[in-house]
Amino acid sequence: MGPGLFAGVGLTSLATLMLQVSLTRLFSVALWHHFAFMVVSIAFLGFGASGTFLMMVPRIKTFSFRRTLACLALGFSVATLGAYWCSNMIPFDPARIIWDRYQWIYLLGYYGVFAVPFFFSGLILALVYTHQAERVGRLYAWDLAGAALGCMGIFWVYSLAGGPGAILTVCLLAGLASLAFSPSGWQLNLVRGIWMGILCLIMVTKPGFVSVNISPYKALMVALRYPDARLLETRWHAAGRLDIIESGAVRFAPGLSLEFRGSLPQQLGLCLDAGRLNAVTRFKGNMDDITFAEFLPASLPYVVREPDNVLIMEPMGGLDILTARYSGATNIVTTHSSPLVLRAMKTSLEAFSGNLYEDNVISIEEQARSSLRRGMMAFDVIQLPLTDSLGAVSSGLYGLSEDYTLTVEAFQTYIRALKPDGLLTVTVYLLPPPRHEIRLVALACAALEDMGVGHPERHLAAIRSWGAFTLLVKKSPFEPKEIDRIKDFCSRLRFDLVHYPNMTRAEANVYNRFPGPIYHDIVQKVLSPRDRQTFYKEYLFDVRPVTDDRPFFYHNFRMDKVAPLYRAVGNKWQLFLEGGYLVHLIFFQALVISLVLIALPLKKTGVPSSSWFLAYFGLIGIAFMLTEICLIQRFILFLARPVYAFSVVLFSVLFASALGSYYSRRLTVTPTPNAKVLVKKCMGRLPVLVITPILLIAYAFCLGKVLSLAIAWPLWMRYGVAFLAILPLGFMMGMFFPTGVRTLSLCFKGAIPWAWCVNGSTSVIGSVLAVVIALSCGFKTVLLLAAVAYSLALVMLVFQNLSYHRHKHDPQ
């Protein structure tokens, strides 16, 4: 076994992880985030299917080992590009599922074509572990190390080559893996050389078939269908894709009062992932050009008081910066979790926006919470603006997305950063039936109560226009003169009052009328300690305040209210095509397909005499993914930038697991005829793995508190803290798979592909299960369940080792 085998395994794993991440990003652009999650999750079951195939067709193990691996790696490369091309040909569009029943068939086509490249890569690794079971620790370490490099490499590839270029890079890496496995053979080298040349030619010429086929119903494509619309610029980054467009569809002024009689300045559209439509407004320094700003609900805090220091989070195209400047703010600070928009605003859009992000504006490239924890200046106004199109929110696009800017702990951080009479203002779209607007009030109320405020209703004010809902949270109680300004503002612009201290019901629902003052009535229930819990229990949507442990602000749907909600919307099921419900469909699909894949080998082998390995490898597959998904979510807030958090955490987990896998060979229990010595060896070596569930329990209860102590440190130091925090847990987790394979090779070596199938399939189940549990119970519960799974797996491993060695030396 030469170095080529290790290099081939590492390159295969590197290409596989880059493919998985690339497809998720590409589908987020072409389709929507939650459908991308579904397609990639199910397609990854092709990884597990490779183990089933190897069990059903064992003859493949008799072929030339290294040449077979080289051919499979070449097949992986060809299948990757073929699957991408086929996906662009399949007319699947989630927006059409509502009326086109054939879309479900097209969805199955998506599953099938993208399962093929994962099948090839999985078959490579399954063959390697079956043939080289005695060296599984080193091989699995190279597998994990390659995947860890993929976490870092994807950023470099996306920045240089974009999304389609990332797919071609995966193909090239798979071709290199083929060369590493077997560099000899002129026929194979000829085929490889031709194929690699074709890939390089495609990468240089960029033919049309490699472009992303975006749904015609996404905001970007809708805007480009307007007369004279044109695409000005496209930028790719691992954080997403940014398109700058000129179109008549771009009219961004959320909740603009109908009393405004003028015209908006020219605006250019900013589309993130082809769906989140925002805009940058032409500004040349003349305040008369932006008079529309005083007609926006977002201008309310500047009417209540005259601020000097203003913090605006995620301002995107800068409309709220213009509003602040128009209202007289002198010192403006902005925070940006993604660098894409900010870099565009400071380069190609600098002249159009009037140098908006340079003139008296301090821009910080990280999330606001970590910046505020470092002890920035106290602010008169902290603003969370509306930065998205209504369509993205109403479609439930963010149902599966975490948002650490909208949690109870986040609101507490914002309020503490205010001056004594400072204001926190948040604007969301008005989206009947009331959901996000009500949860916003619940968040503010819970944050104030946790800070010891006895009457939070005295610190809150809320208004609504025809399309937007604005909440004000004041660090001190609202004064009568401030309430008068709010009432005058609403009267002048014909906005409706929703709440202010001691407001009467008759003052609500005056201009933009509903059948009744529903927003006022619901807000009063949320603010009433007597009625609040009953309302939360009976309401059709989940509007309880969310915390950092369950940071899914936009997930409002309740599984226990499916039937009454279905009746309430007129017996229509389209509403349920939302991320929060879709994840249960994904889980059901993954579970059914996994059970089929795991059960198929029974037809070939029959029921094994001992099926411990099925449960063992299933448990560690689920536990590993539960832990990995949870750690990524836990560190998003700490590392300030979600995409970099994903990279750093996944790299740390996989790298540490690779070290653990390499070390795991020391846990091998050598056979001995002395039963007492055998028991002593088993109980002395394998139970070191009990550290894993202990660490998971400690992380569940203490990790958040420990990270909060270092959240104000410089970003590079936080990266180091993240790596060191993950290192011990990742090291321990990396021992379970190779230790199990070595144990299985002693008693049932032919079942290693079966174990691979179980582990791969349950890993998919675990990734979806983590989201399902977190949506309902939070990430602490996810970690505790992972601890239980690892504990059960450890018990099985210890008893199987004892049973095998005793039976071997004392068969009677």
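Residues numbered from 1 in each chain as written. Predicted model: local features only at pLDDT ≥ 70, side-chain atom pairs only at ≥ 80, totals over all residues. Heavy atoms only, no water.

1. Some remarks on the overall build of the chain
The line we're drawing: Each helix corresponds to a stretch of at least 4 residues labelled H or I by DSSP, and each strand to a stretch of at least 2 residues labelled E; elements are numbered beginning at the N terminus. As a reference, a globule follows 2.2 Å times the number of residues to the power 0.38, and the radius of gyration itself is taken over C-alpha atoms. The rule is simple: take the accessible area with a 1.4 Å probe, protein chains only, and divide by the maximum for that residue type; under 20% is buried, over 50% is exposed, in between is partly exposed. Under the convention used here, a 1.4 Å probe and the Shrake-Rupley method define accessible areas, while residue burial counts only the protein chains that appear. Residues counted as positive are Lys and Arg, residues counted as negative are Asp and Glu, and His and the chain ends are not counted. Charge coordinates come from a single atom per side chain, which is NZ of Lys, CZ of Arg, CG of Asp or CD of Glu.
When helices and strands are tallied, the chain shows 29 helices and twelve strands. Scaling as 2.2 N^0.38, a compact globule of 812 residues should have a C-alpha radius of gyration of about 28 Å, and the chain matches this with 28 Å. Based on the C-alpha atoms only, the size of the chain along its principal axes is roughly 90 × 60 × 55 Å. Looking at the chain residue by residue over its 812 residues, the buried ones come to 61%. Accessible area of the chain: about 30700 Å², with a carbon and sulfur share of 62%. Side chains of the chain carry 70 positive and 48 negative charges; the gap between the two charge centres is 14 Å.

2. Remarks on empty space enclosed by the protein
As a reminder of what qualifies: The definitions used throughout rest on a 1 Å grid laid over the protein atoms alone, on which a cavity is an enclosed set of points accommodating a 1.4 Å probe that cannot get out and a pocket is an open set flanked by protein within 12 Å on both sides along at least five of seven lines; lining residues are those having an atom within 4 Å of a point. Grid points are joined across faces, edges and corners, and a volume is the space filled by probe spheres set on the points. In this classification, the charged set is Asp, Glu, Lys and Arg, the nonpolar set is Ala, Val, Leu, Ile, Met, Phe, Trp, Tyr, Cys and Pro, and all remaining amino acids, among them Gly, are polar.
If you walk through the whole model with that rule in mind, you get four cavities of 30 Å³ or more. Volume-wise, the second largest cavity comes out at about 90 Å³. Among the residues forming the lining of the second largest cavity, the class breakdown is seven nonpolar, one polar and one charged.

3. Observations concerning the nonpolar core
We count it as follows: Among buried residues, the Ala, Val, Leu, Ile, Met, Phe, Trp, Tyr and Cys ones that are joined through side-chain atoms within 4.5 Å form a nonpolar core.
Among the nonpolar cores identified, the biggest contains 230 residues, and Y129, F617 and F635 are the most heavily contacted of them. For this core, the element with the most residues is helix α6 (residues 136-181), which contributes 23 residues.

4. Some thoughts on the pairing of strand β5 (residues 309-313)
We apply this condition: By the convention used here, strands pair only if DSSP detects at least 2 bridges between them. Handedness rule for crossovers: strands pointing away from the viewer, path from the first strand over the helix to the second running clockwise, crossover right-handed.
Here β5 lies mainly inside the structure; five of its five residues are buried. Going residue by residue along β5, you find N309, L311 and M313 tucked away on one face and V310 and I312 tucked away on the opposite face as well. Pairing of β5 with strand β6 (residues 331-335), which is carried by five bridges, proceeds in the parallel orientation. What sits directly across from V310, in β6, is I332. Remark: the β5/helix α10 (residues 319-326)/β6 crossover connection has right-handed handedness. Where β5 lies against strand β8 (residues 379-384), three bridges are found, and the strand directions are parallel.

5. Quick notes on the layout of surface pockets
Taken as a whole, the second largest pocket holds about 490 Å³ of empty space. Counting residues per element, the ones that place at least two in the lining of the second largest pocket are α12 (368-373), α14 (408-416), α22 (612-639) and α25 (691-710). If you tally residues by element for the lining of the second largest pocket, the top one is α25, at seven residues. Looking at the lining of the second largest pocket residue by residue, the class counts come to eight nonpolar, five polar and nine charged.

6. As for unusual backbone geometry
Trans is the prevailing form of peptide bonds, just as negative phi is the prevailing case for residues other than glycine. With an omega of -5°, the peptide bond running from P432 to P433 counts as cis. Here P433 shows up in the loop between β9 (418-429) and α15 (436-450). The backbone phi angle of R494 is positive, close to 60°, even though this residue is not glycine. Tracing the backbone shows R494 in the loop between α16 (480-493) and β12 (496-499).

7. Observations concerning the side chain of S371
Applied cut-off: For the purposes of these results, a polar contact is taken to be a pair of N or O atoms within 3.5 Å, where, inside protein, one atom must be able to donate a hydrogen and its partner to accept one; residues adjacent in sequence count only when each atom of the pair is a side-chain atom. In what follows, a contact means two residues having at least one pair of non-hydrogen atoms within 4.5 Å.
When you line up the elements, S371 lands in helix α12. A polar contact of 3.4 Å, which involves the side chain of S371, links it to the side chain of E366. There is a polar contact of 3.4 Å between the side chain of S371 and the backbone oxygen of Q367. Ignoring any residue separated from it by four or fewer positions in sequence, one finds S371 in contact with T335, I364, E366 and M376.

8. Regarding the sheet that holds strand β11 (residues 468-474)
Applied cut-off: Here an angle of 0 to 180 degrees is reported between the N-to-C directions of two axes, which are lines fitted to C-alpha atoms, with helices fitted over the stretch in contact.
Across the sheet, eight strands lie side by side as β7-β6-β5-β8-β9-β11-β10-β12; this open sheet has mixed pairing. In the strand order of this sheet, the two ends are held by β7 (361-364) and β12, each with one partner. Going across the sheet, the axis of each strand differs from the next one's by a mean of 20°, ignoring polarity. Where helix α17 (residues 518-527) meets the sheet, its contacts fall on β10 (460-464), β11 and β12, and the angle it forms with β12 comes to roughly 15°.

9. With respect to the confidence of the model for the chain
We apply this condition: On a range of 0 to 100, pLDDT expresses the predictor's confidence in each residue.
Per-residue pLDDT for the chain has a mean of 85; in total, 90% of the residues score no lower than 70. Of the regions scoring below 50 in pLDDT, residues 389-399 engages in 32 contacts with residues more than four places distant in sequence or in other chains. The low-confidence segment residues 674-684, where pLDDT is below 50, has 16 contacts with residues more than four positions distant or belonging to other chains.

10. Points about a nonpolar patch on the surface
What counts here: Residues qualify for a patch when their relative accessible area is over 30% and they have no salt bridge, like charges being joined within 9 Å and the nonpolar side chains of Val, Leu, Ile, Met, Phe, Trp and Tyr within 5 Å. We define a salt bridge as a contact between a side-chain nitrogen of Lys or Arg and a carboxyl oxygen of Asp or Glu at a distance within 4 Å.
Judged by side-chain polarity, W186, L190, I194 and I198 come together as a nonpolar surface patch covering roughly 440 Å² of accessible area. Tracing the sequence through the fold places L190 in helix α7 (residues 186-205).

11. A short note on the environment of I332
One can find I332 in strand β6. Residues in contact with I332, not counting those within four places in the same chain, are V310, I312, I321, A324, R325, N360, V361 and I362.

12. Focus on the packing of aromatic side chains
The geometry of an aromatic ring pair is captured by the separation of the ring centres together with the interplanar angle, meaning the angle of the planes. Using the following cut-off: Aromatic rings from Phe, Tyr and Trp, taking only the six-membered ring of Trp, are treated as a pair when their centres fall within 6.5 Å; an angle between ring planes under 30 degrees marks them as stacked, one over 60 as edge-to-face, and anything in between as tilted. Should the NZ of a Lys or the CZ of an Arg lie within 6 Å of a ring centre and within 35 degrees of the ring normal, that charge is described as sitting over the ring.
For the coordinates displayed, the defined rule picks out 33 aromatic pairs. Three or more aromatic residues joined by ring pairs make a cluster, and in this case those are F47, Y129, Y140, Y616, F617, F737 and W756. One Lys or Arg, R435, reaches over the ring of F541 and ends 5.1 Å from the middle of that ring.

13. Regarding helix α3 (residues 45-56)
Rules: In a helix, the anticipated span is given by 1.5 Å times the number of residues less one.
Between its terminal C-alpha atoms α3 stretches 17 Å, which fits the 16 Å expected from twelve residues at 1.5 Å a residue. Taking burial as the measure, the twelve residues of α3 include ten buried ones, the bulk of the element.

14. A word on the pairing of β6
Most of β6 is tucked away: four of the five residues are buried. With four bridges joining them, β6 and β7 adopt parallel strand pairing. Note on β7: the bridge partner recorded for T335 is I364.

15. Remarks on the environment of Q533
Relative to the helices and strands, Q533 resides in helix α18 (residues 532-538). Between the alpha carbons of Q533 and R544 there is a distance of 9.1 Å; along the sequence they are eleven residues apart.

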